[in-house]
Amino acid sequence: IAATFNAPIAGALFSVEVILGEFGAAQFSPIVVSSVVATVVARAWRGDVPAFSPPPCTFASAWELLPYALLGLLCGLVSFAYVRINAAAGRFFDERPMPPWLRPALGGLLVGLLALAVPQILGDGHGLSNDAFAGRIPALLLLALVFAKMLATGVTLGSGGSGGVFSPALAVGACLGAWLGALVEPALGARFGGLAAYSLVGMGGLVAGSMLAPITAILMVFEITSNYA
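None of the values given here were measured: they were computed from a predicted structure.

Calculation rules
- Residues numbered from 1 in each chain as written.
- Predicted model: local features only at pLDDT ≥ 70, side-chain atom pairs only at ≥ 80, totals over all residues.
- Heavy atoms only, no water.
- Salt bridge = Lys/Arg side-chain N within 4 Å of Asp/Glu carboxyl O.
- Axes fitted to C-alpha atoms, helices over the stretch in contact; angles between N-to-C directions.
- Helix = DSSP H or I, 4+ residues; strand = E, 2+ residues; numbered from the N terminus.
- Parallel < 35°, antiparallel > 145°, perpendicular 65-115°, else oblique.
- Left-handed = near helix turned anticlockwise from the far one by under 90°.
- Nonpolar A, V, L, I, M, F, W, Y, C, P; charged D, E, K, R; others polar.
- Phe/Tyr/Trp six-rings, centres within 6.5 Å; stacked < 30°, edge-to-face > 60°.
- Buried < 20%, exposed > 50% of the residue type's maximum accessible area, 1.4 Å probe, protein only.
- Core = buried A, V, L, I, M, F, W, Y, C linked by side-chain atoms within 4.5 Å.
- Contact = heavy atoms within 4.5 Å.
- Expected span 1.5 Å × (residues − 1).
- Bend = angle between axes of the 7 residues up to and from the residue.

Asks: Explanation requested: the pattern of salt bridges in the structure shown.
Replies: Side chains that differ in charge, positive against negative, can pair when their charged atoms come close. Applying the stated criterion across every chain, the model contains three salt bridges. As a salt-bridge pair, D48 and R43 come within 3.4 Å of each other at their nearest N and O atoms.

Asks: Looking at this structure, I do not really get the packing of helix α8 (residues 166-188) against helix α9 (residues 195-211). What am I missing?
Replies: Any two packed helices are characterised by the angle at which their axes cross and by the distance between the axes. At a minimum axis separation of 6 Å, α8 and α9 run at an interaxial angle of 135 degrees. The pairing of α8 with α9 is recorded here as oblique in orientation. Seen along the crossing, α8 lies across α9 with a hand that is right-handed. Tallied by class, residues from the contact of α8 with α9 come to 16 nonpolar, six polar and no charged.

Asks: Please clarify how the packing of aromatic side chains should be interpreted in this entry.
Replies: Aromatic ring pairs are reported here in terms of the distance separating the ring centres and the angle at which the planes meet. Evaluated as defined, the whole model comprises seven aromatic pairs. Aromatic pair F5 and F166: ring centres 5.3 Å apart, planes at 45 degrees, arrangement tilted. A residue pair is termed long-range when its members are at least 10 positions apart, and F5 in helix α1 (residues 2-5) and F166 in helix α8 qualify at 161 residues. On the basis of relative accessible area, F5 is assigned to the buried category, the value being 2%. Judged by relative accessible area, which is 7%, F166 ranks as buried. Ring centres 6.2 Å apart and planes at 85 degrees place the aromatic pair F52 and F133 in the edge-to-face group. You can see F52 sitting in the loop between α3 (25-46) and α4 (65-94) and its partner F133 sitting in helix α6 (residues 126-134), a full 81 residues away along the chain. Classification of F52 by relative accessible area gives buried; the value is 1%.

Asks: Can you help me understand the nonpolar core in this one?
Replies: The nonpolar side chains of a soluble globular protein tend to be buried with one another. With 56 residues, the main nonpolar core has F5, I121, F166, L176 and M203 as its most contacted residues. Secondary structure elements with two or more residues in this core: α2 (8-20), α4, α5 (102-117), α6, α7 (139-158), α8, α9 and α10 (214-225). The biggest single contributor to this core is α8, with 13 residues. When near neighbours in sequence (up to four residues on either side) are disregarded, F5 contacts R46, A51, F52, H126, F166, S167, L170, M220 and I224.

Asks: Would you take a moment to explain the packing of α2 against α10 for this structure?
Replies: Where α2 meets α10, the axes come as close as 8 Å, and the angle between the chain directions of the two elements is 165 degrees. When the axes of α2 and α10 are compared, the pair comes out roughly antiparallel. Two packed elements cross with a definite hand, and for α2 against α10 that hand is left-handed. On α10, the residues that touch P8, I9, A10, L13, F14 and E17 of α2 are P214, I215, T216, L219, M220 and E223. Its residues assigned to classes, the contact of α2 with α10 shows nine nonpolar, one polar and two charged.

Asks: What's the story with α7 in this structure? I'm lost.
Replies: Since the α-helix turns once every 3.6 residues, residues separated by three or four places project in the same direction. Taking 1.5 Å of rise per residue, 20 residues should cover 28 Å, and α7 covers 29 Å from first to last C-alpha, within 8% of that figure. Along α7, the helix axis deviates most sharply at L145, where the bend reaches about 25 degrees. When α7 is considered as a whole, its buried residues turn out to be L142, L145, V146, A148, K149, M150, A152, T153, G154, V155 and G158. Each element contacted by the buried residues of α7 is listed here: α4, α5, α6 and α8. The first or second residue beyond α7 is G160, which carries a positive phi of 95 degrees.

And the structure:
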C-alpha cells in the first residue's frame, strides 16, 4: 500500500488498523520500517509524485458540512453493498461446478459485456477517479459507475481474476462523491468548495466504511493527493 500509492503513513496504519486490529508497539515498529523502505524504493524509480492529481479544492463554508454528513451516510451504505457484492460473487462461482479454466473465462466474459456499456469500469480505477475529480463524467453516469464498478470488481475477484479491493474502493468513492457534489453545487453556489473535494471525501468514506479503517482513510486521502488542505 505504501509503495503503490506513495503513502507511507497510511500504508503502515492500514496494516495495523485493518489486519492486526491493534496498535501495539511490538507490531507497529517493523510495519513502519517496511512501509518507509518500500516508499523510498518506489520513489527512487518513479519519483515523489502523488498517486492522484485532483484540481484545486477547498472547504469553502460550514454549510458544506451538511452534504458531507449526507455523503458519509451514503458511503456507509455503499460500503456495505460493496462488501456484500464481493462476497456474493465469490459464492456464485464457488457453488457452480465448472472446470478451473472456465471460471476466470466466465468472469472475464461478464466483465467484458458490462464494459461494452460502461467502459470506464476497466482498469485499476485511477483514470476513473481523475475523471471524476475533473468533472468529465455526467452526474447520472457517475451514479451508474458506482454500482457498475462494484459489480465488475466482485465478478473479477469472485471468478479468480487478479486484482484487489483497495483501488476500486477509491474509484467508487470518487464517483459517489462527485455525484453528490454535482447535485449540491447549484444549491451552495459560492459556498461550494469544488467537485474534487467531494470526490476526495467520498474516497475516504468508502475506504473507511468497506475496510472499517477510518484513521487509514483520513491519512490516505491526504497522502495520495499530497494536499493536507
